[in-house]
Amino acid sequence: MGIPVFILAGLLVHFVFLVSIFEIYFSSPLVHGMTPQQTPLPPPAKRLVLFVADGLRADSLYELNSNNTSQAPYLRSILENNGSWGISHTRVPTESRPGHVALIAGFYEDVSAVAKGWKENPVEFDSVFNESKYTWSWGSPDILPMFAKGATGDHVYTFCYAAESEDFGAQDAAKLDTWVFDHVKSFFNSSRSNETLFSALNEEKVVLFLHLLGIDTNGHAHRPNSREYKENIKIVDEGVKEIASMIDSFYGNDGKTAFILTSDHGMTDWGSHGAGHPSETLTPLIVWGAGVNYPQKVTSQFFEDNFLKEWKLENLKRLDVNQADVAPLMASLIGVPFPLNSVGTLPLEYLNNSAHFKAESMFTNAVQILEQFKVKMSQKKETTLSFLFTPFKPLSDSEQINFLKKMRLYIQQQKYDEAVSLCKTLINLALEGLSYYHTYDRLFLGLSIAVGFVGWTTYVILVIIKTHTNLTKTVQANNKASTVLFYGFACVGMIIAFFLLIQTCPWTYYVYCLLPVPVWYAVVRELPVIQDLATNLLSLHLGQSIGFLLVCTLGIEILVFSFFYRSTLTVGLLVFAGWPVITQLCVQAKTRALIWTLLCVLLAIFPLMPVVGREPNIPMVIGTGLLTLLISCFSLASLCKNKNKYRNNEDLKVHFYQMLSIALSTYVVSSTHESLKNKQGLPVLNQIISWMTLVSSSVLPLLSPTFLFQRLFSILLSLMSTYLLLSTGYEALFPLVLSGLMFVWITMEQEALQHYGLSLKPKLAGFNFAYATDITQFRQLHLDDIRRSFFFVFFIVTAFFGTGNIASVNSFDPASVYCFLTVFSPFMMGGLLVLKVVIPFVLVSCAFEAVQVTTQLSSKSLFLIVLVISDIMALHFFFLVKDYGSWLDIGTSISHYVLVMSLTIFMMLMNGLAQLLTTQRLELPRRTKHHST
């Protein structure tokens, strides 16, 4: 197989493996074609007002100040005198879109939306807004349009402010909420002179939705314990009071309005959200008005948390719900059909209505969820051969009829409690059944992918052994045997395809099930190589072979572990620190071995530090900038001493520009954060300097000489100037320490080569990248090269996780990008945060490129070993992917798998980028005058 074909095949195989988990674990659970279900009795409310205070934590709203007064006095008086309250438990990812989908549509974010970055509706879904007669909504352009877009007909109206208003560096984000309150007031005032609007507002089944983003924006910018965040809660409280009073008087206090105040997610103490920390998943829920229970006094109630005592609410009944339960509650209050895809259970304790109404509502809820189950079951039945179909036994057709008959009978006999209890049992069974049919093909598809994965890894190992080692002799292929083999595998492929065809499976199933066939065909074709290898291995000492395999396995397990526990990287780096001692390298290079050990220990400290972004430390960033300048000065001094090696002063100029860039970055970080602290926004000059630094950092290294250490140092300086602008704390030091270790690694690998007698020691200082590609004499692989590749993968993982678990959504802190922009722009901010992650990655890749060329190895051979290591890791994570448990576990498991799979594809790109950065040189137009050499 030629190199281009091999690379294309590799990319295709990895792309299929990567996409497969979205099909196996993250295909949309939503089904269509259900009949809408509505409670037959008249509803208690004509209209509903929903306030969603984005990013509001439960404790921030309910707790009292030091002087025993509430931050939100109006809402406090509501829950003490007029309504019901509790905690709404959200699921991860605790982001705005999934939270609003759960509240308004009644299901937890369609997991297939992960592929769309939670931005778009991958599958159309129903919502309370869609089922209403009219919905008017005010707020953020990020949230409102998705519910209008999915609605049928023209009855969901949105009023949004400009996206530029969402500015983290603004004087006060509370203006986003006052904008909403002011526009709602003017809307109602204008309706008095607009007859069409006035009559529409007086219809039944009307929803008014106020999305309040100020608290979330202030929380990101100033943290939830800040004065700004607390002041914003006060503004929201006053706004809610004014709107509730205005609406009541508009409708002549008819007592037909229900009010709900809740939040889509909370926020951590360090101002981020996305994961499963209680501060992110516990949100307030206060309901009052038409059809809602008054506060229920209790003498004692038990909850695992101790919040009731802290909030001084022990005597008022706390009614906790799951976030998706709010949608059926809203539907029941205004009498609209329950959203078709809702999986929420109606929280009856919030309702102030007859037992008959509660039982009928619960019956409607149970039938609506059972409808989804029936559609899912019939879909699966149609695509499975009858003799292979295994139904969900607890809800067979006869069982369903039994349940419905019993429930209806209980309601007729006025045994409402028994009816409600039976409804809840049916809801739980239907949800279990939905999950059962949704994961019906999982084992079959998972095994197909795993078989393909193992086959591919085996093939890559055979390619390494066949082309880059002396372990096997070239064996002549037997034409007759290979023809039989080809037809045999073709036959297997046809049988699989026929089996899938008669079951009318989707086309993706063909890809997953047929991919292992050509992969294993390629493996079995290399049977003579396998036999030859087996003969060679049997002649080796058994103990040594087992020991070697154990060390390899242990190394890969440490890498896998490090994805879950960052401290594993510390253990690995401390073992690395002892490498020169174990291999006796310290005898021949004492000073280098000592520096290597020292830098390994220094780098080992980073994974033990808290995740980046929790506590900004700008003086540390400034200190790192000054330290980098100091190191550059020493480097400049050594360049000036060796002036005779250069044809002119252009190289010194480039070095000087890079030092200037570092100094400017240090200044920009300092002044930007000072300006934001004083609420003066992001200075335009700083923004221009930041973007110019970012652009120049990719060009400046290409102007420097291609001598090994000079080019690598130039790459470090350029990337460091950008990294400083993206840093908020101790992580600024990370690339500096990592690069130091990389420089020593390059020299240590030279010592290792000499130690094993594999090559003479070239003089590294005079080594030129530009001529490295001319080396025609590449040596064969040695066992020590597996260790080299492992070092590279380990350093790559350290570059990823050294300063925080980038697989955790709430590790991202928007403060990192404030030197570039403060207006909320998810794609731009995401891109800059990815760049921040990639910079250490590039440094490691460039060092690995240097190791390859100085140890006379073809980049292909080492890359193949790296491919095997990362593929074995990916297979681990494939079996660790889960779509149950907390959303934190789900999010982490998927991001780990995607990271390792992307790592392989990414390393191919990084390899190319590292070659470009190290070997290419841009020549500036020069004057005719030359310095004498």
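Since this is a predicted model, take the numbers as computed values, not measurements.

**Details of the packing of helix α18 (residues 479-501) against helix α20 (residues 516-525)**
Then, number 1: At their nearest, the axes of α18 and α20 sit 10 Å apart, and the two run at 160° to each other. By the angle between their directions, the pair α18 and α20 is classed as roughly antiparallel. Here α18 runs over α20; the crossing is right-handed. Together, Ser 482, Leu 485, Phe 486, Phe 489, Gly 493 and Ile 496 of α18 and Val 517, Trp 520, Tyr 521, Val 524 and Arg 525 of α20 make up the contact between the two elements.
Then, number 2: Taken together, the residues of the contact of α18 with α20 break down into eight nonpolar, two polar and one charged.

**Some remarks on a nonpolar patch on the surface**
Then, number 1: The grouping of Phe 387, Leu 388, Phe 498, Phe 499 and Ile 502 at the surface amounts to a nonpolar patch, some 520 Å² of accessible area in total.
Then, number 2: Position of Phe 499 relative to the elements: it lies in helix α18.

**What to know about the pairing of strand β2 (residues 84-89)**
Then, number 1: When you tally the buried positions in β2, you get five out of six residues, the bulk of the element.
Then, number 2: Here six bridges tie β2 to strand β7 (residues 282-289), and the two strands are oriented antiparallel to one another. Within β7, the residue paired with Ser 84 across the bridge is Val 287.
Then, number 3: Sheet topology note: the β2/strand β8 (residues 321-322) ladder contains two bridges and is parallel. The partner of His 89 across the bridge, within β8, is Asn 322.

**Quick word on the nonpolar core**
As a rule of thumb, nonpolar side chains are buried together in soluble globular proteins.
Then, number 1: Ranked by internal contacts, the top residues of the largest apolar core, which has 136 residues, are Trp 596, Trp 745, Phe 795 and Met 873.
Then, number 2: Of all the elements, helix α34 (residues 826-854) adds the most residues to this core, at 15 residues.
Then, number 3: Excluding anything up to four places from it in sequence, Met 873 contacts Ile 556, Leu 559, Val 560, Phe 563, Val 793, Val 797 and Val 900.
Then, number 4: Counting residues in hydrophobic clusters, the runner-up holds 69 residues, among them Met 146, Ala 290, Ala 430 and Tyr 437.

**Comments concerning the sheet that holds strand β5 (residues 206-212)**
Neighbouring strands of a sheet are bound in pairs by backbone hydrogen bonds; such pairs are parallel or else antiparallel.
Then, number 1: One open sheet accounts for eight strands, arranged β4-β3-β5-β1-β6-β7-β2-β8; its pairing is mixed. The open sheet has two edge strands with one neighbour each: β4 (156-160) and β8.
Then, number 2: Where strand β3 (residues 134-139) and β5 come together, five bridges link them in parallel fashion. Paired with Trp 136 across the bridge in β5 is Leu 208.

**Some thoughts on the environment of Val 654**
Then, number 1: Mapped onto the elements of the fold, Val 654 is located in helix α28 (residues 650-677).
Then, number 2: Here the alpha-carbon distance between Val 654 and Pro 705, two residues 51 residues apart in the chain, equals 9.7 Å.
Then, number 3: The contact partners of Val 654, leaving out residues within four places of it in the chain, are Leu 700, Leu 703 and Ser 704.

**Some points on the confidence of the model for the protein**
Then, number 1: Mean pLDDT over the protein works out to 84, with 88% of the residues at or above the 70 mark.
Then, number 2: Across residues 928-933, confidence stays below pLDDT 50; counting only partners more than four residues off in sequence or on other chains, it has five contacts.

**Regarding unusual backbone geometry**
Then, number 1: At Asn 68, a position not held by glycine, the phi torsion is positive, near 65°.
Then, number 2: Here Asn 68 lies in the loop between α2 (58-62) and α3 (73-81).
Then, number 3: In the Ramachandran plot, Arg 223 falls in the positive-phi region, its phi being about 80° despite a non-glycine side chain.
Then, number 4: Secondary-structure assignment places Arg 223 in the loop between α9 (214-222) and α10 (227-250).

**What to know about the pattern of salt bridges**
Then, number 1: Here the structure, examined in full by the defined rule, presents 17 salt bridges.
Then, number 2: Among the salt bridges present, the one from Asp 59 reaches Arg 57, with a minimum N-O distance of 3.0 Å.
Then, number 3: We classify Arg 57 as buried; its relative accessible area is 7%.
Then, number 4: Salt-bridge contacts for Asp 441 lead to Lys 380; the nearest nitrogen and oxygen are separated by 3.0 Å. A residue pair is termed long-range when its members are at least 10 positions apart, and Asp 441 in the loop between α16 (416-438) and α17 (442-468) and Lys 380 in helix α14 (residues 355-382) qualify at 61 residues. As far as the burial class goes, Asp 441 and Lys 380 line up, both buried.
Then, number 5: The network of salt bridges with shared partners includes Glu 749, Asp 785, Arg 787 and Arg 788.

**Section: helix α15 (residues 397-412)**
Then, number 1: Between its first and last C-alpha, α15 extends 23 Å over 16 residues, near the 22 Å set by a 1.5 Å rise per residue.
Then, number 2: By the burial criterion, the buried members of α15 are Gln 400, Phe 403, Met 407 and Ile 411. Looking down the long axis of α15, one finds its buried residues gathered within 65° of arc, a one-sided arrangement. Exposed positions of α15 whose direction lies more than 90 degrees from the buried face are Lys 405 and Gln 412.
Then, number 3: Residues of α15 that are buried make contact with α14 and α16.
Then, number 4: Downstream of α15 by a residue or two, Gln 414 has a phi angle that is positive, lying close to 60°.

**Quick look at the packing of aromatic side chains**
Then, number 1: Here the structure, examined in full by the defined rule, presents 56 aromatic pairs.
Then, number 2: Here Phe 125 and Phe 147 contribute two aromatic rings whose centre-to-centre distance is 6.2 Å and whose plane-to-plane angle is 80°, an arrangement assigned as edge-to-face. On the criterion of sequence distance, the pair formed by Phe 125 in the loop between α4 (96-105) and α5 (128-131) and Phe 147 in helix α6 (residues 144-149) is long-range, its members being 22 residues apart. Neither residue differs from the other here; Phe 125 and Phe 147 are each classed as buried.
Then, number 3: Their ring planes at 25° and their centres at 5.5 Å tell us that Tyr 134 and Trp 136 sit as a pair that is stacked.
Then, number 4: In this structure an aromatic cluster arises from ring pairing among Tyr 134, Trp 136, Trp 138, Tyr 157, Phe 159, Phe 187, Phe 188, Phe 198, Phe 250 and Tyr 251.
Then, number 5: Lying across the ring of Tyr 108, Arg 91 places its NZ or CZ 3.8 Å from the centre.

**Notes on the environment of Cys 640**
Then, number 1: Within the element layout of this structure, Cys 640 appears in helix α27 (residues 618-641).
Then, number 2: Measuring from C-alpha to C-alpha, the distance between Cys 640 and Leu 652 comes to 7.9 Å, with twelve residues separating the pair along the chain.

**Remarks on the side chain of Asp 126**
Then, number 1: Note on placement: Asp 126 falls in the loop between α4 and α5.
Then, number 2: Although Asp 126 lies buried, it forms no salt bridge, and the closest oppositely charged side chain, Lys 205, sits 13 Å away as judged by the N-O distance.
Then, number 3: A distance of 2.8 Å separates the side chain of Asp 126 from the side chain of Asn 130, its partner in a polar contact.
Then, number 4: Separated by 3.0 Å, the side chain of Asp 126 and the backbone nitrogen of Leu 340 make a polar contact.
Then, number 5: Once residues within four sequence positions are removed from consideration, Asp 126 is found in contact with Ala 105, Glu 131, Phe 338, Pro 339, Leu 340 and Asn 341.

**A short note on the packing of α17 against α20**
Between two packed helices, both the angle of their axes relative to each other and the distance between the axes serve to describe the pair.
Then, number 1: Interhelical geometry of α17 versus α20 gives an angle of 30° and a closest axis separation of 9 Å. As far as their axial angle goes, α20 and α17 are roughly parallel. α20 is crossed by α17, and the crossing has left-handed handedness. The residues of α20 that touch α17, namely those facing Ser 448, Val 451, Gly 452, Val 454, Gly 455, Trp 456, Thr 458, Tyr 459 and Leu 462, are Pro 516, Val 519, Trp 520, Ala 522 and Val 523.
Then, number 2: Along the lines of polarity and charge, the residues of the contact of α17 with α20 split into ten nonpolar, four polar and no charged.

**Here we look at the environment of Gly 912**
Then, number 1: As for its position among the elements, Gly 912 is in helix α36 (residues 887-919).
Then, number 2: Taking the C-alpha atoms as reference points, Gly 912 and Cys 846, separated by 66 residues in sequence, lie 9.9 Å from one another.

**Some thoughts on helix α19 (residues 507-514)**
Then, number 1: The set of residues buried in α19 consists of Thr 508, Tyr 509, Tyr 512 and Cys 513. When α19 is viewed along its axis, its buried side chains cluster within an angular range of 125° and face the same direction.

Thresholds, definitions, all that
Within each chain, residue numbers correspond to sequence positions counted from 1 in written order. Totals for whole chains, interfaces and linings use every residue, but because this is a predicted model, local features are given only for residues with pLDDT of at least 70 and side-chain atom pairs only at 80 or more, for both listing and counting. Calculation of side-chain values draws on the structure's entire complement of heavy atoms; hydrogens and water are dropped beforehand. All axes are obtained by fitting lines to C-alpha atoms, using only the stretch in contact for helices, and the reported angles, taken between N-to-C directions, cover 0 to 180 degrees. Put simply, DSSP marks the helices as runs of H or I at least four residues long and the strands as runs of E at least two long, and each gets a number from the N terminus on. Here the angle decides the label: under 35 degrees means roughly parallel, over 145 means roughly antiparallel, 65 to 115 means roughly perpendicular, and every other value means oblique. In this scheme the crossing of two helices becomes right-handed for a clockwise turn of the near helix relative to the far one and left-handed for an anticlockwise turn of less than a right angle. Every residue pair with non-hydrogen atoms within 4.5 Å of one another is taken to be in contact. Classification used: nonpolar for Ala, Val, Leu, Ile, Met, Phe, Trp, Tyr, Cys and Pro, charged for Asp, Glu, Lys and Arg, polar for all others including Gly. Each patch is built from residues that are more than 30% exposed by relative accessible area and take part in no salt bridge. Like charges join if they lie within 9 Å; nonpolar side chains (Val, Leu, Ile, Met, Phe, Trp, Tyr) join within 5 Å. Shrake-Rupley sampling with a 1.4 Å probe provides the accessible areas, and residues are treated as covered by the protein chains on show and by no other component. Definition used for salt bridges: Asp or Glu carboxyl oxygen within 4 Å of a side-chain nitrogen of Lys or Arg. Partly exposed describes any residue whose relative accessible area lies between the buried limit of under 20% and the exposed limit of over 50%, with all areas from a 1.4 Å probe on protein chains only and scaled to the type maximum. Each pair of strands is called paired provided DSSP finds at least two bridges between the two strands. By convention a nonpolar core is built from buried Ala, Val, Leu, Ile, Met, Phe, Trp, Tyr and Cys residues, the set being connected through side-chain atoms within 4.5 Å. Each residue gets a pLDDT score, which is the predictor's confidence in that residue and runs from 0 to 100. Expected span, for any helix, means 1.5 Å times one less than how many residues it has. In this description, the arc belongs to the directions extending from the helix axis to the C-beta atoms. Here a Phe, Tyr or Trp ring, Trp counted by its six-membered ring, pairs with any other such ring whose centre lies within 6.5 Å, and the pair is stacked when the planes are under 30 degrees apart, edge-to-face when over 60, and tilted otherwise. Whether a charge sits over a ring comes down to the Lys NZ or Arg CZ being within 6 Å of the ring centre and within 35 degrees of the ring normal. His residues and chain termini do not enter the charge count, which takes Lys and Arg as positive and Asp and Glu as negative. Counted as a polar contact is a pair of N or O atoms within 3.5 Å, where, for protein atoms, one must be capable of donating a hydrogen and the other of accepting one, and residues adjacent in sequence contribute only when both atoms are in side chains.

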